[in-house]
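Next come the chains, spelled out residue by residue.
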Amino acid sequence: MTDLNKDNVNSVSLEKTPENAVPGANNGGGAKFAKGCLITVTVAIILAIALIIAAVVLVFKGGVAAIEFFRKVEEEENRVEQVVTPDGRYDLEEGALEEFYSSMFKKDADEMSRVLDTYPYLVYYIKDGGSPLLDEVAKEDVAALTQTMLDHGAKFDDALTHRNYYTTYSLESFLSYHADKTVTISSSRDVNGSVALMTENGAAVEFGTTNDKDVSYDPNSITRKPGQPNALFDVSVWICRDETLDEKDVELMKMLVDAGADISKKNYEGKTPLEYFEETAEWYELDSENEYYTRLTDLLK
């Protein structure tokens, strides 16, 4: 029989033994672990706050930049365009250009005169890209329109209106424009009259190269190339383009020679006007025995 006497009952120890104790509890390890976790969480929170602040700053700066950008765009759209004249700057009035171009496209010299009476500063207006209005009107080949511009103070080869253009020479702009187009002298309105009007009103027939664009070219192409020293070279292309030569062609070339175009001047390829004409005529397969061909070569000798 079991003895129930408590003195005989084996005592059960409630003390923690190494087997059931919490690791490190007896040397403060748990406290260190908890402290490490707290530091990690704190650092993570600080980094998160820093990132949020940085994101807010970036968004704010971006918003400010966007607002400034759209403000400048709006200011530019609402900015009144000005025209520089010898007497100062003038605000371009709303509708002025539309009225001017309407008269130009309708070939109405009287209407153009009325527009310029109302907005006299337009003779100094420069199109996008730097093209003077007088040069644009001259390209229309309507002498009456060009004369109207001249009557209102416009000038060929004007340093003020050509300041942003690729050339300072109105006649170079006129001839190169037509030489680059499919239009020929036989299909134009009155090129001889227009060229005469230009040369009689200060348009130079000799072109310097100091303000010309240095554009590359294809040496195998006969189409217009940059850097031609005078009007004779572009005219050679123009009169040959329709693959025929006639009296109008001879008259035009003679007009330029009489106006002072140098027949001995060489272009960037080292060719004289005569050599360039002969090369161009050959390119367009023109008959070298033709009467007008002979008269043209005689002019350029």
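Residues numbered from 1 in each chain as written. Predicted model: local features only at pLDDT ≥ 70, side-chain atom pairs only at ≥ 80, totals over all residues. Heavy atoms only, no water.

Draft legend 1. Geometry of the overall build of the protein chain. Counting its secondary structure elements, the protein chain contains 11 helices and 2 strands. What you see in the protein chain, going N to C, is helices and strands ordered as α-β-β-α-α-α-α-α-α-α-α-α-α. Evaluated residue by residue, the protein chain yields a buried proportion of 37% over its 301 residues. Summarising the internal contacts of the protein chain: among those between residues at least 6 apart in sequence, 70% fall at separations of at least 24. A total of about 18000 Å² of accessible surface is found on the protein chain, and carbon and sulfur atoms cover 55% of it. (Helix = DSSP H or I, 4+ residues; strand = E, 2+ residues; numbered from the N terminus. Buried < 20%, exposed > 50% of the residue type's maximum accessible area, 1.4 Å probe, protein only. Contact = heavy atoms within 4.5 Å. Areas by Shrake-Rupley, 256 points an atom, 1.4 Å probe, with all protein chains shown as cover.)

Draft legend 2. Looking closely at the packing of helix 8 (residues 231-240) against helix 10 (residues 273-283). For the pair helix 8 and helix 10, interaxial distance at closest approach is 9 Å and the crossing angle is 20°. Taken together, helix 8 and helix 10 sit at an angle that is classed as roughly parallel. Note that helix 8 runs across helix 10; the crossing there is right-handed. Contacts between helix 8 and helix 10 involve L232, F233, S236, V237, I239 and C240 on the former and, on the latter, P273, Y276, F277, T280 and A281. (Axes fitted to C-alpha atoms, helices over the stretch in contact; angles between N-to-C directions. Parallel < 35°, antiparallel > 145°, perpendicular 65-115°, else oblique. Left-handed = near helix turned anticlockwise from the far one by under 90°.)

Draft legend 3. Examining the side chain of T297 more closely. As for its position among the elements, T297 is in helix 11 (residues 291-300). The exposure class of T297 is buried, given its relative accessible area of 5%. A polar side-chain atom of T297 sits 2.8 Å from the main-chain carbonyl oxygen of T294. With residues near it in sequence (within four places) discarded, T297 still touches L274, F277 and E278. (Polar contact = N/O pair within 3.5 Å; in protein donor to acceptor, adjacent residues only side chain to side chain.)

Draft legend 4. Spotlight on the packing of aromatic side chains. Evaluated as defined, the whole model comprises 9 aromatic pairs. Considering the side-chain rings of F277 and Y293, the 5.4 Å spacing of their centres and the 40° angle between planes classify their relative orientation as tilted. Remark: Y293 occurs in helix 11 and F277 occurs in helix 10; sequence separation between them is 16 residues. Across the pair, Y293 and F277 agree in class, each one buried. Through successive ring pairs, a cluster of aromatic residues spans Y90, Y119 and Y121. (Phe/Tyr/Trp six-rings, centres within 6.5 Å; stacked < 30°, edge-to-face > 60°.)

Keep in mind that these numbers describe shape and distance, not what the molecule does.
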